[in-house]
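Take a look at the letters that make up each chain.
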Amino acid sequence: MKKSFIHSEKEIYQERRKEMNNKNFKIQYDLQTQKILVISTIVSFVILGFSVLGVCLDFQSMAILLLFGLYIGGGVFLVSSLNLIGAVCYLNRLKRHGYVLPVNKKEYDNDLRNVPCSGIQIEGATYNKDSIILAVVHMALFVGLNAWNISFFLRWHNHLQDSNFLTGVFVVLDLGWLIAAIRYFKQGNNEKYRDDVEVHGLLKKRTSIEVGIGACLILLLIVLYVKMAGEDMTRYIYHARQERDQEQLELLQSAVSMSIANSDMSKEYLEEQNSYQQLLNGCYISDWNMPEDEFAQTIAKVLDVTDYREFTEKIKTADGAPRIYVQIMGEHTYIKLENPHYIHRGQEPTYEVGKK
């Protein structure tokens, strides 16, 4: 059993050795390329700046030129600046590992193994600081985005029950930041991982800081877009349901008013109806079930329901379980929708339908 294990270790070593020997270690950046990127970044930034200034000052005679400046200058600036960051980080890693910084990579046949190297690593720490930085950044994003998730939950879970599912989706998505942070922290171990410029190492290659930050920014933009879209969608659904609730309350108001105005209903008749007396004193119609008298049946008929719980069911999904308060005030009907379980900024929200 032990012999088989040793044989397996040998195979792994040979495979890695073969991979290292066959790999083409191209020089990603040299000092000449870095200089070109610096010039390109500065020029594109100036073009972009003048274009933005022209748009702000409303130079209509140069509109087409300014438009080209915005798109071309902005695009070149973005690409150049990102590559410049990559070049600076790459050359710093070469310097950290004792390489002579190549002025022109063609002088070394574009092969990193041909570049003179002292073999002395300036960074002698157990952990690689670039990987630790990536781990800290991703952990900070994990904490920050989950703080936003908590805020989203507290703002919406009493408003809209559907938002709880969306909160769960956000939490699951943000677990990726925690997984990435753990992964980068493991890659920081110099005894198990190597930088991409260590051409003679047999360890696994770690993710470089520029690649990690670039991927982080792209994913962060996507995550923020998803969260903002979720927030907007939740707000839209909530306000749409608020409007629907308001329409339902106005329908109830009309139903009560129409039932009172029915020519067949005399004053004596109304006084005999228990439901009418309740409405005169003010009551919660959401507590009603089946119509118990003729007046309640007339209101239910106008509402096109056989049971008042049906009417309440049409409203309660917006804010939880509502209570619908109704009171007849002379020729007017006063209605208020309230929800004791929904507290927002210390106030209980209500929809009020007044005189009609």
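The preceding data block contains the structure.
So, how was this worked out
- Residues numbered from 1 in each chain as written.
- Predicted model: local features only at pLDDT ≥ 70, side-chain atom pairs only at ≥ 80, totals over all residues.
- Heavy atoms only, no water.
- Helix = DSSP H or I, 4+ residues; strand = E, 2+ residues; numbered from the N terminus.
- Buried < 20%, exposed > 50% of the residue type's maximum accessible area, 1.4 Å probe, protein only.
- Contact = heavy atoms within 4.5 Å.
- Areas by Shrake-Rupley, 256 points an atom, 1.4 Å probe, with all protein chains shown as cover.
- Axes fitted to C-alpha atoms, helices over the stretch in contact; angles between N-to-C directions.
- Parallel < 35°, antiparallel > 145°, perpendicular 65-115°, else oblique.
- Nonpolar A, V, L, I, M, F, W, Y, C, P; charged D, E, K, R; others polar.
- Left-handed = near helix turned anticlockwise from the far one by under 90°.
- Expected span 1.5 Å × (residues − 1).
- Core = buried A, V, L, I, M, F, W, Y, C linked by side-chain atoms within 4.5 Å.
- Patch = residues over 30% accessible without salt bridge, like charges linked within 9 Å, V, L, I, M, F, W, Y side chains within 5 Å.
- Salt bridge = Lys/Arg side-chain N within 4 Å of Asp/Glu carboxyl O.
- Polar contact = N/O pair within 3.5 Å; in protein donor to acceptor, adjacent residues only side chain to side chain.
- Pairing = 2+ DSSP bridges.

Engineer: Would you explain the overall build of the protein in this entry?
Structural biologist: Per the secondary structure count, the protein includes ten helices and six strands. Expressed as a percentage of the 356 residues in the protein, the buried residues total 38%. By sequence separation, contacts in the protein at least 24 residues apart represent 64% of the contacts at least 6 residues apart. A total of about 21,700 Å² of accessible surface is found on the protein, and carbon and sulfur atoms cover 62% of it.

Engineer: Looking at this structure, how should I read the packing of helix H5 (residues 163–187) against helix H6 (residues 209–261)?
Structural biologist: A pair of packed helices can be characterised by two numbers: the angle between their axes and the separation between those axes. At a closest axis distance of 11 Å, the pairing of H5 and H6 adopts a crossing angle of 170°. Taken as axis vectors, H5 and H6 run roughly antiparallel relative to one another. Contacts between H5 and H6 involve Ser163, Leu166, Phe170, Leu173, Asp174, Trp177 and Tyr184 from the first element and Gly212, Cys216, Leu219, Leu220, Val223, Val226, Lys227, Gly230, Met233 and Thr234 from the second. Across the contact of H5 with H6, the residue classes tally to eleven nonpolar, four polar and two charged.

Engineer: Would you mind going over the packing of helix H2 (residues 31–56) against helix H3 (residues 63–96) with me for this structure?
Structural biologist: Relative orientation of the contacting elements H2 and H3 amounts to 150°, with a least axis distance of 7 Å. As far as their axial angle goes, H3 and H2 are roughly antiparallel. Every pair of crossing elements has a handedness; the one defined by H2 and H3 is left-handed. Its residues placed into classes, the contact of H2 with H3 shows 17 nonpolar, twelve polar and no charged.

Engineer: What is the right way to look at H3 in this model?
Structural biologist: Since there are 3.6 residues in each turn of an α-helix, residues three or four apart along the chain are aligned in direction. Helix length check: H3 (34 residues) gives 48 Å between terminal C-alpha atoms against 50 Å at 1.5 Å per residue, within 8%. Phi for Gly98, located one or two positions after H3, is positive at around 85°.

Engineer: Where do I start with the nonpolar core in this structure?
Structural biologist: One broad trend across soluble globular proteins is that nonpolar side chains are buried collectively. With 25 residues, the main nonpolar core has Leu252, Leu279, Ile299, Leu303, Tyr308 and Ile324 as its most contacted residues. For this core, the leading source of residues is helix H9 (residues 294–303), giving five residues. Formed by 15 residues, the second largest nonpolar core is a distinct cluster that contains Phe25, Tyr29, Leu112 and Val197.

Engineer: Would you take a moment to explain a nonpolar patch on the surface for this structure?
Structural biologist: Where nonpolar side chains cluster on the molecular surface, the patch consists of Val38, Ile42, Phe45, Val46, Phe50, Leu53, Leu57, Phe59, Met62 and Leu65 and spans about 970 Å² of accessible area. With six residues, H2 is the single largest residue contributor to the nonpolar patch. Residue placement: Phe50 occurs in helix H2.

Engineer: Quick question: what am I supposed to make of the pattern of salt bridges here?
Structural biologist: Here the idea is simple: oppositely charged side chains can pair when their charged atoms come close. A full pass over the atoms with the stated rule returns twelve salt bridges. A salt bridge links Glu231 to Arg155; the nearest nitrogen and oxygen atoms lie 2.5 Å apart. Taken as a pair, Glu231 in helix H6 and Arg155 in helix H4 (residues 129–156) lie far apart in primary sequence, 76 residues in all. Residue classification places Glu231 among the buried residues on the basis of a relative accessible area of 8%. On the basis of relative accessibility, which here comes to 29%, the residue Arg155 falls in the partly exposed class. Via salt bridges that share partners, Arg96, Asp130, Asp195 and Arg206 belong to a single interconnected network.

Engineer: Teacher, can you tell me more about the side chain of Ser163 here?
Structural biologist: Its place among the elements puts Ser163 in helix H5. Its relative accessible area of 2% is what places Ser163 among the buried residues. If we skip the residues at most four places from it in the chain, Ser163 touches Phe152, Trp156, His157 and Thr234.

Engineer: Even after reading the chapter, I still don't get the environment of Ile39, so can you show me in this structure?
Structural biologist: Turning to its location among the elements, Ile39 is positioned in helix H2. A relative accessible area of 48% places Ile39 in the partly exposed class. Linking Ile39 and Ser80, residues 41 residues apart in sequence, is a C-alpha distance of 9.1 Å.

Engineer: Is there a simple way to think about the side chain of Glu210 in this case?
Structural biologist: Position of Glu210 relative to the elements: it lies in helix H6. There is a polar contact of 2.9 Å between the side chain of Glu210 and the side chain of Arg93. Ignoring anything within four residues of it in the chain, the contact list for Glu210 reads Gly86, Cys89, Tyr90 and Arg93.

Engineer: In this structure, what is going on with the environment of Gln278? I would like to understand it.
Structural biologist: As for its placement among the helices and strands, Gln278 is situated in helix H8 (residues 274–281). Separated by 48 residues in the primary sequence, Gln278 and Val326 place their C-alpha atoms 9.1 Å from one another. With sequence-adjacent residues up to four places away left out, Gln278 is seen in contact with Cys283 and Trp288.

Engineer: Any chance you could explain unusual backbone geometry here in plain terms?
Structural biologist: Leaving glycine out, the prevailing phi sign among residues is negative, and the prevailing peptide bond configuration is trans. Although it is not a glycine, Asp109 sits at a positive phi angle of roughly 55°. Mapped onto the fold, Asp109 is located in the loop between H3 and H4. Unlike most non-glycine residues, Asn110 shows phi in positive territory, near 55°. Note on placement: Asn110 falls in the loop between H3 and H4.

Engineer: Just checking my understanding: could you explain H5 for this structure?
Structural biologist: For H5, which comprises 25 residues, the first-to-last C-alpha distance of 37 Å matches the rise-based estimate of 36 Å (1.5 Å per residue) to within 8%. As for H5, its buried residues are in contact with H4, strand E1 (193–194) and H6.

Engineer: Looking at this structure, how should I read the pairing of strand E4 (residues 323–329)?
Structural biologist: Residues in a regular strand project their side chains so that they alternate between the two faces of the sheet. E4 sits mainly inside the fold: five of its seven residues count as buried. Both strand E3 (residues 283–284) and E4 contribute to a ladder of two bridges, which runs antiparallel. Of the residues in E4, the one forming a bridge with Cys283 is Val326. Where E4 and strand E5 (residues 332–338) come together, seven bridges link them in antiparallel fashion.

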